[in-house]
Amino acid sequence: MSAVRWALLRTPLLVTLAAAVLAGSWVYFTQTRANAARQQLSQERTVLTSVRQRLAQVGQEKQLILQYLPAYETLRAQGIVGAEQRASWLDGLRAASQEVRTFGVDYQLTQQSAAPIKFESPEFQLQQSIMKLRIRLLHEADLLSFLRALEQQHAGLFIVQSCTLTRATANAFTGRFEPRVNADCELAWLSLAPKAEVKR
Amino acid sequence: MAAKIVIAISNRATGIALCDRGALRQHRLHSDEAQALTDLQSLIAAHPQTPIDILVDTAEEEFRAEQLPRVHGPARREMVQRKLAQFFRTSTYRTSWLLGAAGDKRGDEIYVFAALSASDFLRPYIETIEAHRAPLGGIYLFAQATQPLVQRLKLRGAVLVVSHQQSGLRQSLFLNGRLRISRLAAVDTGAITPREVADEIEKSRLFLYNSRVLPRETPLRIVVLDPSDQLADTARLVPTEAGIGCEVLGTAKLRSTTGLTAPLLPADAESLHLYLLGRYRPAENFAPSRLTAVYFSHRLRQGLYVAAAVIAGLGALWGIANLTLASSAADESKLLRTQAARAGAAYGEAAKQFPAAPASAEQMRQAVEGVAKLRGLAHTPEPFLVSLSQALSGFAQIEIDRIDWKVDGASTTPRAQSPTPDERAEIDAEIRPFNGDYRSALQIIEQFAAALRTRPGMSEVRVAKLPLNLDPGSALSGSARDTVDTKELSAKFTLSLRWKPTP
């Protein structure tokens, strides 16, 4: 383009560019405000819907509380909901061992971790601690009695994952009151932790 | 309509005017070129960005019509340029236009090529315009300015338009509204009589027939422009043959055709054509592009300002719409917040009636129902041991040394909440007493395995290890004495089991 033409076009080009920049900035600024206002409105709608829903279901909610409160309190007392009650587990072990008259229970407990069992709850996360037991028994049937007695202690919720029964001695029955069977079992003690506390 | 400066140049005088808001203003006629140039300079100085159009009324015009093949785009442009260069090699001011279809089978078209054969009279004006860097819009022939009038009169077919101005009597032939040829006859300045006009018309008519521009049998309509109402008798004097019609357009007719009121209607043909040029710019331009570059830039400049205004306007409107939306949304949010607070307060009042609870109803429900499902997953080895014991009851000689029982996939992979996952067990046992009779021992083991397979839920029973290694690829040692101490011999074996507890 010749010098004459560029001189004619310089100012209008700058004006057009300035108009585009200003218009674009103005639109961007106002669009951002409009988007924020729309988002805020959407949030307010969600909150209002949620509150109205709760209000509409307040009768039902009361019924639910009355229905589940006793069982929930029991779960809390047993340490199934909330923090692990390791002392209760050990008390349970001791009591079950005495009841069944074992020759002793040795235990090892891992640290708590997330349980691999699928547990669908937005409010709770399922945790587990693995307990390895060595129980010295007179008879293999005593293992079943021990596990039953442990459950009846209501010391918590556990799942037996494995058990290995082996002869304590190589001889047959001799009549002496001594351990004949060793039971090595692995138990998973389960508990529900509120997700809000887990994140903390 | 944008303002423009219009200049009509002839060999006798130069008319300069400003065409603005649909009327000619500051119209001056100069017989002296120097005065005309001075007037032009002052007009340009007063209106520096106003485009300038030049109307040329001269006898030094050439017209040629040529039939060309029908093409489009760059091919057409190139063909036309080639013809222009061929016909008017030395002419600076030249152009062409499409007259119409040739009407033949090939679909050819007829083009008119025109040029100013002499143009020195334009140089002072062009130099003045260039010196002031004023935008030159174009250079046009007098007859081109007549064309819009013909089109507004809706005159079709062959039309010969006659007008008298300072330079002489101009007669222009239009075919279906498009200029075909124009001729300027020199006549004395001052008033021309209707008889003189009729005679010139007759000469032109014969010229058209003889030069075969117009076939003799073609109907011809003659229109005489008479803005001063002095040539009304011309129509009566023109020979009336078949196919010839003549009409004189006086002031009234011109007023109705142009839409101009009496005070604004030019009183002479020059002014009329200046007005027509100011109002309707012809499409075909005789000025080369290098002369109209400033005008082109000027148009671009205007376009950019318009674009800037449109962008600014649209942006402003869009922004205002956004702000309106934001304001409306904010108002609605406030209202919803109030409603939510009210509903929350109502809920709070109702919740005071709830029994005290350590968690929400939903949380308690999830915990209680979830734990109930987990209890369903709890297993003990009891069902398996009972089943094993029942199978063993028929095999007193088998003693169990070790039972290794586990729930399948218990500790490693996430389990679906199936209440009855598979269980695995490995049993180490031996046959006691054993007298070395391996055949009997193997039979007992097989029978025991078969008995286990019949147990409900047992899906797999595999003999993992036998007391005697029957593999021909392995070494084997023992004693085959008749009397042996049974305490020394043993027939140990291992079974692998898989079973699903039946509910």
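In what follows, the accompanying structure is described. The structure displayed is predicted, hence computed values, not measured ones.

A short note on the overall build of chain A
Here is step 1: Assigned secondary structure in chain A consists of 5 helices and 5 strands.
Here is step 2: Element order for chain A, N to C, with α for helix and β for strand: α-α-α-β-β-β-α-β-β-α.
Here is step 3: Looking at chain A residue by residue over its 200 residues, the buried ones come to 42%.
Here is step 4: Relative to all contacts within chain A whose residues are 6 or more apart in sequence, the contacts with residues 24 or more apart total 69%.
Here is step 5: When the accessible surface of chain A is totalled, it reaches about 11100 Å², and 53% of it is carbon and sulfur.

Digging into the packing of aromatic side chains
Residues and elements named next belong to chain A.
Here is step 1: Under the definition given, this model contains 10 aromatic pairs over all chains.
Here is step 2: When the centroid spacing of 4.6 Å and the interplanar angle of 20° are considered together, the rings of Trp-89 and Trp-189 count as stacked. Here Trp-89 is found in helix H3 (residues 86-100), whereas its partner Trp-189 is found in strand E5 (residues 181-194), with 100 residues between them in sequence.
Here is step 3: You can call Trp-89 buried: its relative accessible area is 2%.

Quick notes on the sheet that holds strand E10 (residues 168-175) of chain B
Residues and elements named next belong to chain B.
Here is step 1: Judged by pairing direction, the sheet is mixed, and its 5 strands sit side by side in the order E11-E10-E9-E12-E13 without closing on themselves. Two strands bound the open sheet, and with one partner strand each, they are strand E11 (178-185) and strand E13 (244-249). Across the sheet, the mean angle separating the axes of adjacent strands is 20° when strand polarity is ignored.
Here is step 2: In this structure, strand E9 (residues 158-165) lies alongside strand E12 (residues 220-225), joined through 5 bridges in parallel fashion. Across the sheet, Val-159 pairs through a bridge with Arg-221, a residue of E12.

Concerning the pattern of salt bridges
Residue and element names in this part refer to chain B.
Here is step 1: By the definition in use, this model includes 43 salt bridges over all chains.
Here is step 2: One salt bridge connects Glu-109 with Arg-70, and the closest N-O pair in it is separated by 3.6 Å. Of this pair, Glu-109 sits in strand E7 (residues 109-116) while Arg-70 is found in the loop between strand E5 (61-68) and helix H2 (73-87), placing the two residues 39 residues apart along the sequence.
Here is step 3: Close ionic contact of Asp-428 with Arg-402 constitutes a salt bridge, the shortest N to O distance being 2.8 Å.

Some words on unusual backbone geometry
Residues and elements named next belong to chain B.
Here is step 1: Note the cis peptide between Arg-432 and Pro-433, where omega equals 5°.
Here is step 2: Mapped onto the elements of the fold, Pro-433 is located in the loop between strand E15 (423-431) and helix H12 (438-453).
Here is step 3: Here the phi dihedral of Asn-176 falls at roughly 50°; this positive angle occurs in a residue that is not glycine.
Here is step 4: By the secondary structure assignment, Asn-176 is in the loop between E10 and E11.
Here is step 5: Backbone geometry at Asp-229 places phi at a positive 55°, although glycine is not the residue there.
Here is step 6: Mapping Asp-229 onto the fold places it in the loop between E12 and helix H6 (234-237).

Details of the interface of chain A and chain B
Here is step 1: Contacts between the two partners involve 74 residues from chain A, matched on the other side by 77 residues from chain B.
Here is step 2: Between the two partners, chain A and chain B, sit 5 salt bridges.
Here is step 3: Taking the shortest distance from any N to any O, the salt bridge between Arg45(A) and Glu332(B) comes out at 2.9 Å.
Here is step 4: Remark: the boundary between chain A and chain B carries 22 residue pairs in polar contact (both at pLDDT 80 or more).
Here is step 5: Those elements that provide at least two residues to the side of chain A that touches chain B are helix H1 (3-56), helix H2 (58-77), strand E3 (124-137), helix H4 (140-152), strand E4 (157-167) and E5 of chain A.
Here is step 6: Of the residues forming the side of chain A that touches chain B, the biggest block, 30 residues, is contributed by H1(A).
Here is step 7: In terms of residue class, the side of chain A that touches chain B is made up of 47 nonpolar, 11 polar and 16 charged.
Here is step 8: With 5 bridges joining them, E4(A) and strand E14 (residues 398-407) of chain B adopt antiparallel strand pairing. Residue pairing for E14(B): Ser162(A) is matched across the bridge by Lys406(B).

Some points on the state of the cysteines
Residues and elements named next belong to chain A.
Here is step 1: Summed over the entire model, instances satisfying the criterion amount to 1 disulfide over all chains.
Here is step 2: One disulfide bridge connects Cys-163 with Cys-185, the sulfur atoms lying 2.0 Å from each other. One disulfide, between Cys-163 and Cys-185, carries an S-S torsion of 110° and so falls in the right-handed class. Taken together, the positions of Cys-163 in strand E4 and Cys-185 in strand E5 put the pair 22 residues apart, joining distant regions of the chain. Cys-185 carries the same exposure label as Cys-163, and that label is buried.

A word on the sheet that holds E7(B)
All names here are of chain B.
Here is step 1: Spatial strand order, E5-E7-E6: 3 strands in an open sheet with antiparallel pairing. At either margin of the open sheet sits one strand with a lone partner, and together these are E5 and strand E6 (94-101). Neighbour to neighbour, the strand axes of the sheet diverge by 20° on average, direction disregarded.
Here is step 2: Sheet topology note: the E5/E7 ladder contains 8 bridges and is antiparallel. Directly across from Leu-68, in E7, lies its bridge partner Glu-109.
Here is step 3: With respect to the sheet, H2 is in contact with E5, E6 and E7, its orientation differing from that of E7 by roughly 45°.

Focus: the environment of Ser31(B)
All names here are of chain B.
Here is step 1: Relative to the assigned elements, Ser-31 resides in the loop between strand E3 (23-30) and helix H1 (33-46).
Here is step 2: Judged by its relative accessible area of 65%, Ser-31 is exposed.
Here is step 3: Beyond its immediate sequence surroundings of up to four residues, Ser-31 is in contact with Arg-12 and Ala-13.

Let's talk about the layout of surface pockets
Residue and element names in this part refer to chain B.
Here is step 1: What the second largest pocket holds in volume is close to 350 Å³.
Here is step 2: Surrounding the second largest pocket, 14 residues form its lining, Val-80, Gln-81, Leu-84, Thr-95 and Ser-96 being those nearest its centre.
Here is step 3: If you list the elements that add at least two residues to the lining of the second largest pocket, you get H2 and E6.
Here is step 4: Grouping the amino acids of the lining of the second largest pocket by side-chain chemistry returns 5 nonpolar, 4 polar and 5 charged.

Some remarks on helix H5 (residues 194-210) of chain B
Residue and element names in this part refer to chain B.
Here is step 1: Compared with the 24 Å implied by 1.5 Å per residue over 17 residues, the 24 Å span of H5 between its first and last C-alpha is a close match.
Here is step 2: Listed in full, the buried residues belonging to H5 are Pro-194, Val-197, Ala-198, Glu-200, Ile-201, Glu-202, Ser-204, Arg-205, Leu-208 and Tyr-209.
Here is step 3: Following H5 by one or two positions, Arg-212 has its phi on the positive side, about 60°.

Here we look at the packing of H2(A) against helix H10 (residues 361-377) of chain B
Here is step 1: Relative to each other, H2(A) and H10(B) sit at 50°, their axes nearing to 8 Å. The angle between the axes of H2(A) and H10(B) places the two elements in the oblique class. As for how H2(A) packs across H10(B), the hand of that crossing is left-handed. Touching Glu61(A), Leu64(A), Ile65(A), Tyr68(A), Leu69(A), Ala71(A), Tyr72(A) and Leu75(A) of H2(A) are Ala361(B), Met364(B), Arg365(B), Ala367(B), Val368(B), Glu369(B), Val371(B) and Arg375(B), all from H10(B).
Here is step 2: Here the contact of H2(A) with H10(B) is built from residues that sort into 12 nonpolar, no polar and 4 charged.

A few points about a nonpolar patch on the surface
Residue and element names in this part refer to chain B.
Here is step 1: Together, Val-306, Val-310, Leu-314 and Leu-317 give the surface a local cluster of nonpolar side chains, amounting to about 390 Å² of exposed area.
Here is step 2: Tracing the backbone through its elements, the reader meets Leu-314 in helix H9 (residues 293-351).
Here is step 3: Overall, the relative accessible area of 53% leaves Leu-314 in the exposed class.

Cut-offs applied
Residues numbered from 1 in each chain as written. Chains lettered and ligands numbered in written order. Predicted model: local features only at pLDDT ≥ 70, side-chain atom pairs only at ≥ 80, totals over all residues. Heavy atoms only, no water. Helix = DSSP H or I, 4+ residues; strand = E, 2+ residues; numbered from the N terminus. Buried < 20%, exposed > 50% of the residue type's maximum accessible area, 1.4 Å probe, protein only. Contact = heavy atoms within 4.5 Å. Areas by Shrake-Rupley, 256 points an atom, 1.4 Å probe, with all protein chains shown as cover. Phe/Tyr/Trp six-rings, centres within 6.5 Å; stacked < 30°, edge-to-face > 60°. Pairing = 2+ DSSP bridges. Axes fitted to C-alpha atoms, helices over the stretch in contact; angles between N-to-C directions. Salt bridge = Lys/Arg side-chain N within 4 Å of Asp/Glu carboxyl O. Polar contact = N/O pair within 3.5 Å; in protein donor to acceptor, adjacent residues only side chain to side chain. Nonpolar A, V, L, I, M, F, W, Y, C, P; charged D, E, K, R; others polar. Disulfide = S-S within 2.5 Å. 1 Å grid on protein atoms, 1.4 Å probe; cavity = no way out; pocket = protein on both sides within 12 Å on 5 of 7 lines; lining within 4 Å. Points joined across faces, edges and corners; volume = space filled by probe spheres on them. Expected span 1.5 Å × (residues − 1). Parallel < 35°, antiparallel > 145°, perpendicular 65-115°, else oblique. Left-handed = near helix turned anticlockwise from the far one by under 90°. Patch = residues over 30% accessible without salt bridge, like charges linked within 9 Å, V, L, I, M, F, W, Y side chains within 5 Å.

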